[in-house]
Amino acid sequence: MRSDDRFWSSYWECMPRKRLEEVQLRRIKQLLKYAYENSRFYHEKFRKAGLKVDDVKTMEDFVKRVPVTTKEEITAAQSVSPPFGEALACDPSEVLHVFQTSGTTGTPLRIPFTHYDTIKYGEDWAYGFWAVGIRPSDSFYFAFGWGMYTGFWSSYWGVRRLGGRVISGGGVGTEDRIRQMQSLRPTVLVATPTYALYLAETARKMGVDPKSLGLKYFYGAGEPGPTALPKLRDEIESSFGVKAYELYGVAEVGAIAPACPKQDGTHLNESNYHCIVMDPESGEVVAEGERGENVVTSFSQLAQPVIKYRTKDVVEWHHSEPCECGRTWTFFKGTVLGRTDYVVKIRGVNVYQTAVENVVRTVPGTSPHLEMHIRLDERGMDDILIKVEADPSVPTSAYKDLEDAVSEELRRSIGVRLNVEVVRPATLPRYELKGKKMIDERPRDRQLPFRGV
Ligand SMILES: [Zn+2]
């Protein structure tokens, strides 16, 4: 491929929809057979559902007859004989890399990979890097502690696949990371969006203009980022003088959807994944352009297959027309709009985490740091208190006006009035990985059924 090509693989990225479905159906049939024959979990699951894998002859059969899979089911299958249990489909000796989710409740979900799985997972990132103009001549700084979190390990595999230079920041402090960037001059910063903002804030405190680091790109993952939150994108781009993109990944499934270069959404990598978007309550597939839960099947997870896996991510899908960027791959407008378990109904209105973040960030005088506290009001109904840090330029005497302005903007945009508390700069916690923004303070039996990975 030439460096001025727009696509990592135009063969896959621009494949006509009809052809794509034919290829995917063939792969789905192979996957069902592989899972049934090699994973005790899927064998039992299909048997209990009365499903014979040879009966799946059309895409409609797959959508209608094959049962969905949940994280809780895979965790339970692992617990039968830890660490991988009945979910494993390969020989244990073929597991070459192991991760786990940082679940806040219960047992962590273990994520084993074969060598093939890691190659394909990395390739997901390579598609994304190439699409936005990143080339093998670029060098990548990983502001990441190299722990049990899949996200940026897979990004590292992607950089190896691309042929770029790797600078692994590792477990040093934020100031040291800035010094490393000053001396080694990376062109791409890979981090969570929250941490990128913290890096910029810390650089300024050190008297270093983040723009002087010489970065050209920010590529984020792990939480809603530059395509889901335009104001956040502006902040990252103007702080560092970069173009900012994000990849939508699901740790136990893959780096499923790299950014569209137009920056208003992500494309499902349909060379590796298939998806349907369904109503989380009825299980019915929703029409194109509507929102629902993203249910993903991976063709490149041989260690622990994921078939019709409920991601709990809310997306809006578009697939019948190619995107302006030329890709035919399913487009998730605005990337992940929320989590099915992070939707709180307040006085009859669905309130999504990302929607609140986007609105708050449009109000002048607010900083990017906020928290949403879910609690009960005096009548025992669900309510949310939004704590947002003021920008350092705002005097404390103006906090009350700022609270009113944010509350009014939320009412205008989302249709419900929420309580807002403006707090002083640098008082909310900072995170290296995902920011914890939804805090459920309700009694345990009223809490969200499941908290994110
Ligand atoms: Zn596109």
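These figures come from a predicted structure and were not determined experimentally. Residue numbers run consecutively from 1 along every chain, following the written order of its sequence. Per-residue local features of the predicted model are confined to residues with pLDDT of at least 70, and side-chain atom pairs are confined, for both listing and counting, to 80 or more; whole-chain, interface and lining totals are unaffected and use all residues. The side-chain values count all of the structure's non-hydrogen atoms but skip hydrogen atoms and water molecules.

Q: Explain the pairing of strand 5 (residues 188–191) to me, please; I cannot follow it from the model alone.
A: If a strand is regular, its side chains alternate between the two faces of the sheet. When a residue's accessible area, from a 1.4 Å probe over protein chains only, is under 20% of the maximum for its type it is buried; when over 50% it is exposed; and in between it is partly exposed. Helix and strand definitions follow DSSP, with helices as H or I runs of at least four residues and strands as E runs of at least two, each counted in order from the N terminus. In strand 5, alternate side chains face the same way, and those of Val188 and Val190 on one face and Leu189 and Ala191 on the other are all buried. Looking at chain direction, strand 5 and strand 6 (residues 217–220) are connected through four bridges and run parallel. Within strand 6, the residue paired with Ala191 across the bridge is Gly220. Following the chain from strand 5 across helix 9 (residues 193–205) to the adjacent parallel strand 6, one finds a crossover that is right-handed. Two strands pair if DSSP finds at least two bridges between them. For the handedness criterion, the strands are oriented away from the viewer, and a crossover whose path from the first strand over the helix to the second runs clockwise is classed as right-handed.

Q: Is there a simple way to explain the pairing of strand 20 (residues 419–423) in this structure?
A: Examined bridge by bridge, strand 19 (residues 382–390) and strand 20 share five bridges and lie parallel to one another. Opposite Glu389, over in strand 20, you have Val423 as the bridge partner.

Q: Would you mind going over the coordination of the zinc ion with me for this structure?
A: For a metal with four tetrahedral donors the ideal donor-metal-donor angle is 109.5 degrees, whereas six octahedral donors ideally subtend 90 or 180 degrees. Distances from the zinc ion to its protein donors, Cys260 (SG), His267 (NE2), Cys323 (SG) and Cys325 (SG), fall within 2.1 to 2.3 Å. Sites may look incomplete, because water is not among the atoms used; the donor set itself consists of N, O and S atoms within 2.8 Å of the metal (3.2 Å for Na, K and Ca). In this scheme the shape depends on donor count and angles: four donors with every angle between 85 and 135 degrees give tetrahedral, four or six donors with opposite pairs above 155 degrees and others between 65 and 115 give square planar or octahedral in turn, and any other case is irregular. Bound by four donor atoms, the zinc ion shows angles of 103 to 116° at the metal and therefore tetrahedral coordination geometry. Look at His267 and you get buried, because its relative accessible area is 1%.

Q: Can you walk me through empty space enclosed by the protein in this structure?
A: If a probe the size of a water molecule is rolled over the atoms, the empty space left behind becomes visible. Here a cavity means grid points, on a 1 Å grid over the protein atoms only, where a 1.4 Å probe fits yet cannot get out; a pocket means an open set of points with protein on both sides within 12 Å along at least five of seven lines; lining residues are those with an atom within 4 Å of a point. Grid points are joined across faces, edges and corners, and a volume is the space filled by probe spheres set on the points. Counting across every chain of the model gives four cavities of 30 Å³ or more. The calculated volume of the largest cavity comes to roughly 120 Å³. Lining the largest cavity are 13 residues; nearest its centre among them are Thr194, His369, Leu370, Pro429 and Lys437. Those elements giving two or more residues to the lining of the largest cavity turn out to be helix 9 and strand 18 (366–376). Here the element with the most residues in the lining of the largest cavity is strand 18; it accounts for four residues. Of the residues belonging to the lining of the largest cavity, the class tally is six nonpolar, three polar and four charged. Gly counts as polar in this scheme, as do all residues outside two lists: the nonpolar Ala, Val, Leu, Ile, Met, Phe, Trp, Tyr, Cys and Pro, and the charged Asp, Glu, Lys and Arg.

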